[in-house]
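# Analysis of the macromolecular model
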Amino acid sequence: MTDLRIGHGYDVHRLTEGRDLILGGVKIPHVTGLLGHSDADVLLHAIMDSLLGAAALGDIGKLFPDTDDSYLGISSVILAERTADALKKNGYEIVNIDATVIAQAPKLAPYIDGMRAKIAASLGISASQVSVKATTEEHLGFTGNKEGIAAHSVCLIQKV
């Protein structure tokens, strides 16, 4: 019998001037970027949390604490690669990932395929195993007011 495990991840970061907007490892032209200890890639952070949660390995704060200056400004692509290594070390492989970015602006449709490819490459899987969607909150809440961006991710992993 195959040991399948489901994980869920959620992350949010504040938008601020003077930072690059990185989502799914892709730099997106925008007037503001996300504030955080690393590059603040909210999409990859949610994905990593879903993967780590599915494997019962904690979360990204446990593996990559924001109190450790070695992670200051680090690319979340590197953290995703390390997350994939942790999964493999514990005998898991990724079956699929389904993620949603919640942002009023910018429009993300032109960048989705690039995000899927970058996420897949960082995790050592096929882009066909990664779904990324984007939505707005119709000008409601902090994402609708362009104060921040949030992301949700669910994943399925299996023991190998």
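You'll find the structure just up there.
Overview of the structure. (Residues numbered from 1 in each chain as written. Predicted model: local features only at pLDDT ≥ 70, side-chain atom pairs only at ≥ 80, totals over all residues. Heavy atoms only, no water.)

## Observations concerning the pairing of strand S7 (residues 148-159)
As a reminder, the rule being used: Whether two strands pair depends on DSSP finding at least two bridges between them. A run of H or I in DSSP counts as a helix once it spans at least four residues, and a run of E counts as a strand once it spans at least two, with each numbered from the N terminus.
Strand direction decides the pairing type here: strand S1 (residues 4-16) and S7, joined by 11 bridges, are antiparallel. Bridging from a neighbouring strand, Gly9 pairs with Ser153 of S7. Where strand S5 (residues 92-102) meets S7, 10 bridges bridge the pair, whose relative direction is antiparallel. Bridge assignment links Ile97 to a residue of S7, and that residue is Cys155.

## Quick notes on the layout of surface pockets
Definition in use: Buriedness of a pocket was judged along seven lines, with at least five required to meet protein on both sides within 12 Å; pockets are open sets of points on a 1 Å grid over the protein atoms alone, cavities are sets where a 1.4 Å probe fits but cannot get out, and lining residues have an atom within 4 Å of a point. Grid points are joined across faces, edges and corners, and a volume is the space filled by probe spheres set on the points. For this scheme, ten residues count as nonpolar: Ala, Val, Leu, Ile, Met, Phe, Trp, Tyr, Cys and Pro. Four count as charged, namely Asp, Glu, Lys and Arg, and the remainder, Gly too, count as polar.
Taken as a whole, the largest pocket spans an internal volume of roughly 220 Å³. His37, His45, Ile60, Phe64 and Asp66 are the residues nearest the centre of the largest pocket, which is lined by 13 residues in total. Partitioned by chemical class, the residues of the lining of the largest pocket number six nonpolar, six polar and one charged.

## Remarks on the pairing of S1
Examined bridge by bridge, S1 and strand S4 (residues 33-34) share two bridges and lie antiparallel to one another. Within S4, the residue paired with Leu15 across the bridge is Leu34.

## Here we look at the sheet that holds S4
We count it as follows: When checking whether two residues touch, look at their non-hydrogen atoms; a contact exists if any pair is within 4.5 Å. Between N-to-C directions, angles cover 0 to 180 degrees, with each direction set by a line fitted to C-alpha atoms, over the stretch in contact for helices.
The five strands lie next to each other as S4-S1-S7-S5-S6, forming an open sheet whose pairing is mixed. The open sheet has two edge strands, S4 and strand S6 (130-135), and neither has a second partner. Packing against the sheet, helix H4 (residues 112-123) makes contact with S5 and S6, and its axis sits at approximately 140 degrees to S6.

## Notes on the nonpolar core
This is how it is decided: Residue types Ala, Val, Leu, Ile, Met, Phe, Trp, Tyr and Cys, when buried and joined through side-chain atoms within 4.5 Å, form a set referred to as a nonpolar core. Each residue is placed in one exposure class: buried if its accessible area under a 1.4 Å probe, protein chains only, is under 20% of its type's maximum, exposed if it is over 50%, and partly exposed if it falls in between.
Counting residues in each nonpolar core, the largest one holds 47 residues, and the members touching the most others are Leu23, Met115 and Leu123. Among the elements of the structure, strand S2 (21-23), strand S3 (26-28), helix H1 (42-54), helix H3 (76-89), S5, H4, S6 and S7 are those that each provide at least two residues to this core. At nine residues, the largest contribution of residues to this core is made by H1.

## Observations concerning H4
Note the threshold: Expected span of a helix: the number of residues minus one, times 1.5 Å. When we speak of the arc, we mean the arc of directions from the helix axis to the C-beta atoms.
Compared with an ideal rise of 1.5 Å per residue, which puts 12 residues at 16 Å, H4 spans 17 Å between its outermost C-alpha atoms and is within 8% of the ideal. Turning to H4, its buried residues are Ile112, Met115, Ile119, Ala120, Ser122 and Leu123. In an axial view of H4, the angular spread of the buried residues amounts to 165 degrees, which keeps them on one side of the axis. Opposite the buried face of H4, by more than 90 degrees, sit the exposed residues Asp113 and Ala121. For H4, the secondary structure elements touched by its buried residues are S2, S3, H1, H3, S5 and S6.

## Overview of the pattern of salt bridges
Where we set the bar: A pairing counts as a salt bridge when a side-chain nitrogen of Lys or Arg comes within 4 Å of a carboxyl oxygen of Asp or Glu.
As enumerated under the stated definition, the model contains three salt bridges in all. Residue Asp20 is joined to Lys27 by a salt bridge in which the shortest nitrogen-to-oxygen separation is 3.6 Å. What makes Lys27 exposed here is its relative accessible area of 56%. Residue Asp113 is joined to Arg116 by a salt bridge in which the shortest nitrogen-to-oxygen separation is 3.8 Å. One end of the pair is Asp113 and the other is Arg116, both in helix H4 and three residues apart, which spans about a single turn. Owing to a relative accessible area of 59%, Asp113 belongs among the exposed residues under this scheme.

## Considering the environment of Gly33
Assignment of secondary structure puts Gly33 in strand S4. Through-space distance from the C-alpha of Gly33 to that of Leu15 is 5.3 Å; in sequence the pair is 18 residues apart. Ignoring anything within four residues of it in the chain, the contact list for Gly33 reads Arg14, Leu15, Thr16, Arg19, Asp20 and Leu21.

Just geometry here; none of it tells us what the structure is for.
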